[in-house]
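Chain residues, written in single-letter form:
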Amino acid sequence: MWETMPRIIKLFNLNDPGWGRGNNNGSEPPKRPQGNGDGPPDLDEVWRDFNNRIGSLFGRKGGGGNNRPGGNRGGMTPPSPRGARIGLGVIALVAVGIWAASGFYIVQEGQVAVVTQFGKYKSTSQAGFQWRLPYPIQNHEIVNVSQLRTFEVGFRGGARNKVLPEALMLTTDENIVDMQFVVQYRLRADGAPDYLFMTRDPDDSVRQASETAMREVVGKQSMDFVLYEGRTTVASEVQALMQQILDRYQTGVQVSTVAIQNVQPPEQVQAAFDDAVKAGQDRERQINEGQAYANQVVPLASGQASRMLEQAEGYRAKVTGDAQGNTARFTSILAEYEKAPQVMRQRMYLESMQDIFTRASKVMVDTKSNNNMLYLPLDKIMHLAAQDAGKSTVGNPGSPALVSPPLQAPLRGSAAPVPQPSGSSNSNSLPRDRTSR
């Protein structure tokens, strides 16, 4: 077979000048026909020459198969067995080469190829130039694992294009909400076989799983929670529940995002719901205002109460201290009084009078000799005494300077004489005077 390859190459050499000129085996020089000149051969002649070369490969010899004028039409001869085997081998080799080359394929970046052998999963090919056994032994299917797939539930294209059978859902407090959300997902790197073979329609399975998960999560929550503070919580719970369902069915899908686009009550009760929302907002506002007033008043009252308690504690300590001091003073005076009762009695009298006169601006003194009252202007006396402080003066008995020293004398010593009213000469007049006052 390998010995005949040069012959085959020579037969089909495109540089052979005998193409279309009756030289059907390529081994003889071309015969220039008469009357045709040097022009190129006709297309029909090229085709007939090609057929003759193929026939010679299988052992067929043609006599003047060029059908030119004056040519001889040769008869058909049966091919030799050796030539027939060579021709069939070449054709089979070419066919096998073409069939084997059909197994080459290219996988783009972000894609994988799932190879099946007789319809059963065989392997997964990554990005690059790959080869598999040709069809029908093996086959492949390209799957895009990097594409982010998106679908909408409850609406199509815009919020106004609602799909109510998908959007209306029941909450745990028996209210209906209009829920519109978007789901984004992609395939896992190793999930392409599951995506192709484990479910009949994986994309529709993802949609149904999203609706099921959303209805289950919303059905466990109250309407106010779904409408206001619980949107993020609901979305995360739905994503987790969707992933559990899809993993259980082995879809090979990874849920990327669940985004709630709009959630509201049904349009039929929207006006009543708005009124209820406004009433709730007014209630919250009034509660906040009351709380703010309480936060302002309570600390102030607490501060005042604390201050009053501190003042009471201080007053108690002061009174207690004064009482204890007075008790100690009385005890000390009692001890001195027991030693000299007459002296202590006189001294106590003078100290009491001094205490009274220091707080009084006018003093009336009754005398026993007559009914005249003696007026002592102590305010003027004290004013003059303040002006004449540090000076010792002697005047007539009617002047204030003569009256003031006897009042101040008991402060400097207990042995000072006690002023007696006119008309009294004994020492017993002092108690009588105190009694008459």
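- The chain is annotated in an unreviewed UniProt entry as Protein HflK from Achromobacter pulmonis.
- A UniProt comment under Function (unreviewed entry) is attached to the chain, and it reads "HflC and HflK could encode or regulate a protease."

1. Topic: the pattern of salt bridges
Then, number 1: Applying the stated criterion to the full structure yields 11 salt bridges.
Then, number 2: Ionic pairing is found between E216 and K220, a salt bridge with its closest N-O pair at 3.5 Å.
Then, number 3: Overall, the relative accessible area of 35% leaves E216 in the partly exposed class.
Then, number 4: Taking the relative accessible area as the measure of exposure, K220 reaches 58% and is therefore exposed.

2. Notes on the packing of helix 9 (residues 270–339) against helix 10 (residues 341–359)
Then, number 1: Taken N-terminus to C-terminus, the directions of helix 9 and helix 10 make an angle of 135°; their axes are 6 Å apart at the nearest point. Taken together, the axis directions place helix 9 and helix 10 in an arrangement best described as oblique. In this structure, helix 9 contributes R329, I333, E336, Y337, E338 and K339 to the contact, and helix 10 contributes P341, M344, R345, M348 and E351.
Then, number 2: Partitioned by chemical class, the residues of the contact of helix 9 with helix 10 number five nonpolar, no polar and six charged.

3. Overview of a nonpolar patch on the surface
Then, number 1: Together, F104, I106, F129, W131 and L133 make up an exposed nonpolar region whose accessible area comes to about 540 Å².
Then, number 2: Sorting the residues of the nonpolar patch by element identifies strand 1 (104–107) and strand 4 (128–131) as the ones contributing at least two each.
Then, number 3: Within the fold, L133 resides in the loop between strand 4 and strand 5 (138–144).
Then, number 4: Look at L133 and you get partly exposed, because its relative accessible area is 32%.

4. A closer look at the sheet that holds strand 3 (residues 120–125)
Then, number 1: Spatial ordering of the open sheet is given by 3-2-5, a layout of three strands whose pairing is antiparallel. Two strands lie at the open edges of the sheet, namely strand 3 and strand 5, each paired on one side alone. For this sheet, the mean angle separating the axes of adjacent strands, direction not counted, is 30°.
Then, number 2: Where strand 2 (residues 111–117) lies against strand 5, seven bridges are found, and the strand directions are antiparallel. Residue pairing for strand 5: V114 is matched across the bridge by E141.

5. Digging into the UniProt feature "transmembrane region" (unreviewed entry) in the chain
Then, number 1: Within this structure's numbering, the places UniProt gives as "transmembrane region" (unreviewed entry) are residues 86–107.
Then, number 2: Between the first and last C-alpha atoms of residues 86–107 the distance is 38 Å; the span itself is 73% helix and 18% strand.

6. A word on the packing of aromatic side chains
Then, number 1: As enumerated under the stated definition, the model contains three aromatic pairs in all.
Then, number 2: Taking 6.2 Å as the distance between ring centres and 55° as the angle between the ring planes, the aromatic pair formed by F104 and W131 counts as tilted. On the criterion of sequence distance, the pair formed by F104 in strand 1 and W131 in strand 4 is long-range, its members being 27 residues apart.
Then, number 3: Using a relative accessible area of 45% as the deciding quantity, one classes F104 as partly exposed.
Then, number 4: Its relative accessible area of 43% is what places W131 among the partly exposed residues.
Then, number 5: Here the aromatic residues F104, F129 and W131 are joined through ring pairs into a cluster of three or more.

Cut-offs and rules
- Residues numbered from 1 in each chain as written.
- Predicted model: local features only at pLDDT ≥ 70, side-chain atom pairs only at ≥ 80, totals over all residues.
- Heavy atoms only, no water.
- UniProt positions renumbered as here; feature names shortened; annotations may be inferred.
- Salt bridge = Lys/Arg side-chain N within 4 Å of Asp/Glu carboxyl O.
- Buried < 20%, exposed > 50% of the residue type's maximum accessible area, 1.4 Å probe, protein only.
- Axes fitted to C-alpha atoms, helices over the stretch in contact; angles between N-to-C directions.
- Helix = DSSP H or I, 4+ residues; strand = E, 2+ residues; numbered from the N terminus.
- Parallel < 35°, antiparallel > 145°, perpendicular 65-115°, else oblique.
- Contact = heavy atoms within 4.5 Å.
- Nonpolar A, V, L, I, M, F, W, Y, C, P; charged D, E, K, R; others polar.
- Patch = residues over 30% accessible without salt bridge, like charges linked within 9 Å, V, L, I, M, F, W, Y side chains within 5 Å.
- Areas by Shrake-Rupley, 256 points an atom, 1.4 Å probe, with all protein chains shown as cover.
- Pairing = 2+ DSSP bridges.
- Phe/Tyr/Trp six-rings, centres within 6.5 Å; stacked < 30°, edge-to-face > 60°.

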